[in-house]
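# Structural features, examined
The residues making up each chain are set out below.
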Amino acid sequence: MPSRVEYFATPLGLSPEPILLALCEWGQHHADELDEHDRVADCVMRPRQSAQAAN
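### Notes on the overall build of the protein chain
- Along the protein chain, the regular secondary structure elements total three helices and zero strands.
- With 55 residues in all, the protein chain has 4% of them scored as buried.
- For the protein chain, the accessible area works out to roughly 5,400 Å², and carbon and sulfur atoms hold 56% of it.

Right, dumping it as structure tokens:
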């Protein structure tokens, strides 16, 4: 059976999440203004999973 490796971001690594979400929302808003919905991807973030919950 192959080994399985799981990686988790540290709290510092997760700290830019609100900024990235705000940028994504900004892009979607401006795509609405410019009627360019087809050129913008959805802002999809996978839910965080704590290291304790993964074990």
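Continuing now.
### A closer look at a nonpolar patch on the surface
- A cluster of nonpolar side chains, contributed by I19, L20 and L23, occupies part of the molecular surface with about 310 Å² of accessible area.
- Mapping L20 onto the fold places it in helix α2 (residues 17–33).

Definitions and limits used
- Residues numbered from 1 in each chain as written.
- Predicted model: local features only at pLDDT ≥ 70, side-chain atom pairs only at ≥ 80, totals over all residues.
- Heavy atoms only, no water.
- Helix = DSSP H or I, 4+ residues; strand = E, 2+ residues; numbered from the N terminus.
- Buried < 20%, exposed > 50% of the residue type's maximum accessible area, 1.4 Å probe, protein only.
- Areas by Shrake-Rupley, 256 points an atom, 1.4 Å probe, with all protein chains shown as cover.
- Patch = residues over 30% accessible without salt bridge, like charges linked within 9 Å, V, L, I, M, F, W, Y side chains within 5 Å.
- Salt bridge = Lys/Arg side-chain N within 4 Å of Asp/Glu carboxyl O.

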